[in-house]
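Below, each chain spelled out in residue letters.
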Amino acid sequence: MKVTLFAVALPLLTLFNAAHAESTGKISGNEFNPAISLILDGRYTDIDNSELELPGFQLGGEAGLPDDGFSTGHNELSISANIDDKFYGSLTTAIVYEDSETEVELEEAYIETLKLGRGFTIRGGKFFSGIGYLNSIHDHAHDFADRPLVYDAMFGGHLVDTGVQFRWVAPTDRYFSLGTEVTTGSEFPGGDNDDNANGLAFFAKTGGDIGVSSSWQLGASYYQSDFDVREAGGHGHGDEEESADNELLDGDVDVFGIDFVYKWAPQGNSKNTNFKFQAEYFVKNEDGFSEFTEDENTAEADYDGKQKGFYVQGIYQFRPAWRIGVRYDHLEADNDITNFSGNGIDQDEFLEESGLGTEDDPNRYSVMLDYSPSHFSRLRLQYSQLDNGHDETNDYVMLQYIMSLGSHGAHTF
Amino acid sequence: MRLLAIFCFSLLLFTPDAIAKINVFACEPEWKALVDDLGGEYVKTYSATTAYQDPHHIEARPSLIAKTRRADLLVCTGAELEVGWLPLLLRQSGNAVIQEDQPGYFLAASQVERIEIPVEVDRSQGDVHASGNPHVHWDPYRMLVIAEALSQRLQAIDPEHVLEYKQQLSQFTSDWKNAIRQWEEQTKGLQGKKAIVYHKNWSYLLNWLGVETVGDIEPKPGVPPTAGHLSKLLEAVRAQPPDFILIANYQDDKGAQWLHQKTGIPIIHLPYTVGGSEQADGLVSLYNEVLTLITSTTQ
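Description of the structure in this document. (Residues numbered from 1 in each chain as written. Chains lettered and ligands numbered in written order. Predicted model: local features only at pLDDT ≥ 70, side-chain atom pairs only at ≥ 80, totals over all residues. Heavy atoms only, no water.)

This part is about the sheet that holds strand β7 (residues 244-248) of chain B. All names here are of chain B. Ordered in space as β6-β5-β7-β8, the four strands form an open sheet in which the pairing is parallel. Looking at the sheet topology across the chains shown, the edges are occupied by β6 (212-216) and β8 (267-270). Strand-to-strand twist of the sheet, defined as the mean angle between neighbouring strand axes without regard to direction, takes the value 30°. Pairing of strand β5 (residues 194-197) with β7, which is carried by three bridges, proceeds in the parallel orientation. The residue of β7 that forms the bridge with Val197 is Leu246. (Pairing = 2+ DSSP bridges. Helix = DSSP H or I, 4+ residues; strand = E, 2+ residues; numbered from the N terminus. Axes fitted to C-alpha atoms, helices over the stretch in contact; angles between N-to-C directions.)

Spelled out as structure tokens, the structure:
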């Protein structure tokens, strides 16, 4: 019986094959739909003070703390596909609801080459810069409900700008890649400039495996921009200082960073248990002419600042679906203020209001527990204690859900 | 000035690649083994995963990007098995010859008809594959079809050695056909038996052997077993006792052990793919070992 089966099976299978090809050869308008994925993010936060102040740091971009009570986070809609055989395109928008208003933010919109070969890829459009480790990873894929402080303080959340990126992967056994970006340089920590092409970034990454159970990646990055005007003021505290104007004129900024990630899973099988360690360190140098105006009063000074920050975190999946994590954030600022002149504002007031005055080093401890019943859903509980350097301790607890609908997102390392 | 810097930077990086053997990046060890059988000394193969890893849960880690960068041919399962990491590897590799429309991109599951294609695709069904069950290397007849298509691909990529590839294909095919005859002789007694599986990665094997699958330890594909599901399964098992429980040796066997303790039904731990046990160092030895493990338990 089985011998006969064998004799007919082969030609039959070939037939099936042909029949299958025919059945998928239909013409329909939605065959070429791009991959669509939607991230739903919501949270409940219990926080004393959701205004983020970090003495010594002028905040910008999306730097901030979560609102007290219920809030929706970044609900992200992402659409991507190969455009043709040469290009890939991707668009990510965040739909944010805040202060009774719905805002659609363009997070990323870029195209990328597929066929340059020899390890080269060029990306153009608006994108999360390749610097650092977490910078290019969207918030929903982070391991904590909020970003590391150093990202908020240095980049206003993420360094995201419009321009062009070149990447190259070396033809070596050990992974080694280099990248560079030319961007407008007008996004925080850069600022408005006439050329609209003043941002320059470089990054290098290397990494590999240690045996079958561990792998690592080490990166170094550099960013610089110079600008005519940079408005300070983050997401978190725009409203109440509307009468105040906090600008840095004729400024230069550069940031240098190193990042390291180590991952372990028994036999490289991360499904049941795994461990991840990650740390990043950034140093920012910036200078410019600071101008602070509040109502009729003005103050100005020359500013030359050096700021550093790092975070370290460890995440352990102790059983399928359950993970715990701890994180420590630390910042320090060393700012030089010279040639102060004030009209109705004294120097101390200026230092505090402009964000340039340094006090103690801000730091934060966080712990989190999350549960992912499937690949596509995650519930997270996080506790953080932020000491902002003013001798104010801010405790907060967050309960968050992050759900992923639609196409299966890929996992970056 | 800035653009000039970029230009110099690009020049610096422009180094020619040395080409000797055909570099093959296989996503899973079964395809590495098949390429080794069909390519012999003309190929240099690498497998992205081991037999102890779940190919659903891999990340596009640095070492894999370095390997895809240098690959001339990519051999993967497809049918969405590697959807969580392969597209990212392709985009990060900067390698033009293994992109989707190129001869250097080969998906084994696309060469054959798949079973268990869901009528309805909804995530409430678990981590389902819209293109059907991807674990095709467990059907020896489908393997013959895949081997032929893969050999043609090698011939297209490396035309210098067409004759050698053809020779190796006919050697593989005749060895494999002989092996099938022996396996079918050996497993005659399994027809009509009933099995519980941990995950649907044995469907092709059990279909071929004529073994009926009466339950899954996973409540839904990719979802770890829950107490509620296991107790329901226990009732079903008591009503209609299966002959054995099959589980790959990389899968968590707590649920299977619990069922075994309650009912005494034997658990068979199987190497899922090449390298999954000491003996299973090639495709034929993998089949030999798995079939021997199953038949010796049921006798």
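Having seen the model, we can carry on.
Residue and element names in this part refer to chain B. Burial in helix α9 (residues 254-263) covers these residues: Gly255, Ala256 and Leu259. All buried residues of α9 fall inside an arc of 100° around its axis, so they share one side. With respect to the buried face of α9, the exposed residues turned more than 90 degrees away are Lys254 and Gln261. Tucked inside the fold, the buried residues of α9 contact β5, α8 (227-239), β7 and β8. (Buried < 20%, exposed > 50% of the residue type's maximum accessible area, 1.4 Å probe, protein only. Arc of directions from axis to C-beta. Contact = heavy atoms within 4.5 Å.)

Residue and element names in this part refer to chain B. Look at helix α6 (residues 162-186) against helix α10 (residues 283-298): their axes get within 11 Å of each other, and the N-to-C directions meet at 0°. One finds that α6 runs roughly parallel with respect to α10. The segment α6 lies against α10, with Phe172, Trp176, Trp183 and Gln186 engaging Leu283, Val284, Tyr287, Asn288, Leu291, Thr292 and Thr295. The residue inventory of the contact of α6 with α10, partitioned by class, reads seven nonpolar, four polar and no charged. (Parallel < 35°, antiparallel > 145°, perpendicular 65-115°, else oblique. Nonpolar A, V, L, I, M, F, W, Y, C, P; charged D, E, K, R; others polar.)

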